[in-house]
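A closer look at the structure
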Amino acid sequence: MTSGKLRWRLSRNIELKARLPDPVAARRVAEQICGEAEIQRQTDTYFHCAHGRLKLREIEGVGAQLIWYDRPDKAEPRGSDYLLTPVMEPAALRKALAMALGVRGVVRKNRRIYLSRNVRIHLDEVEGVGSFLEFEAVLDEQTDDAAGRRQVDELRLQFGIAVDDLLTGSYGDMLVRPEP
């Protein structure tokens, strides 16, 4: 806190999302690179939002966080600015945001989370939508956008992700308007 004002700093990552035609093969690659995964059951409630995307993520047995993020909808490694806020009472916040903003959709998924240096690798089974892979290269003073893009591109090649499998939007978007 400075001069009575709270200063918020957005975080940034480079991310890539793709359909996963062979989840078993992807899991083998992830385990070779990273070892064991953390497994989470997540429910994301997406809210209507004037700018960017806003979701409440509830993680079974772990807790909840409100996530605002903004990124272009492109089928390539792309920068994403985001803000994570811990939530103590997710049910009450979900109700308040639903009343104020309206719910766009709810995404339920089982997520395997692997970590390779500063890159989070997610293998997701999304209810009603399918299997997906997501890379998130977290940026900092040592890793800029260009370095993050290189990391994501290298992982895409290691996992054998075809350009045709790359996605543009979020899982929430797929439930509102399915990807072709």
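See the structure printed just above.
Cut-offs used in this document
- Residues numbered from 1 in each chain as written.
- Predicted model: local features only at pLDDT ≥ 70, side-chain atom pairs only at ≥ 80, totals over all residues.
- Heavy atoms only, no water.
- Pairing = 2+ DSSP bridges.
- Helix = DSSP H or I, 4+ residues; strand = E, 2+ residues; numbered from the N terminus.
- Axes fitted to C-alpha atoms, helices over the stretch in contact; angles between N-to-C directions.
- 1 Å grid on protein atoms, 1.4 Å probe; cavity = no way out; pocket = protein on both sides within 12 Å on 5 of 7 lines; lining within 4 Å.
- Points joined across faces, edges and corners; volume = space filled by probe spheres on them.
- Nonpolar A, V, L, I, M, F, W, Y, C, P; charged D, E, K, R; others polar.
- Buried < 20%, exposed > 50% of the residue type's maximum accessible area, 1.4 Å probe, protein only.
- Contact = heavy atoms within 4.5 Å.

1. What about the sheet that holds strand β4 (residues 63-70)?
Strands belonging to one sheet form pairs held by backbone hydrogen bonds; the direction of such a pair is parallel or antiparallel. Pairing is antiparallel around the closed barrel formed by 8 strands, whose spatial order is β1-β5-β4-β3-β2-β6-β7-β8. Strand-to-strand twist across the sheet, computed as the mean angle between neighbouring axes with direction ignored, equals 35°. Here 5 bridges tie strand β1 (residues 11-19) to strand β5 (residues 78-87), and the two strands are oriented antiparallel to one another. In the sheet register, N13 faces β5, and the bridge partner there is S80.

2. So, the layout of surface pockets
Size it by volume and the largest pocket reaches roughly 430 Å³. Along the wall of the largest pocket there are 27 residues; nearest its centre are R57, I67, R111, H122 and E136. The element contributing the most residues to the lining of the largest pocket is strand β2 (residues 38-47), with 5 residues. Looking at the lining of the largest pocket residue by residue, the class counts come to 8 nonpolar, 7 polar and 12 charged.

3. Side note on the environment of D70
When you line up the elements, D70 lands in strand β4. For D70, a relative accessible area of 27% corresponds to the partly exposed category. Between the C-alpha atoms of D70 and L20, which are 50 residues apart in sequence, the distance is 24 Å. D70 has contacts with H51, G52, G79, S80 and D81, leaving out every residue within four places of it along the chain.

4. With respect to unusual backbone geometry
Even without being a glycine, R117 presents a positive backbone phi close to 55°. You can see R117 is positioned in the loop between β6 (103-116) and β7 (119-126). Of the residues examined, R117 reaches a relative accessible area of 64% and is grouped as exposed.

5. A closer look at the environment of L139
Relative to the helices and strands, L139 resides in the loop between β8 (130-138) and α3 (145-159). L139 sits in the buried class, given a relative accessible area of 12%. With 127 residues separating them in the primary sequence, L139 and R12 have C-alpha atoms 5.7 Å apart. Each residue touching L139, except ones within four places of it in the same chain, is listed here: R12, N13, I14, D144, D145 and G148.

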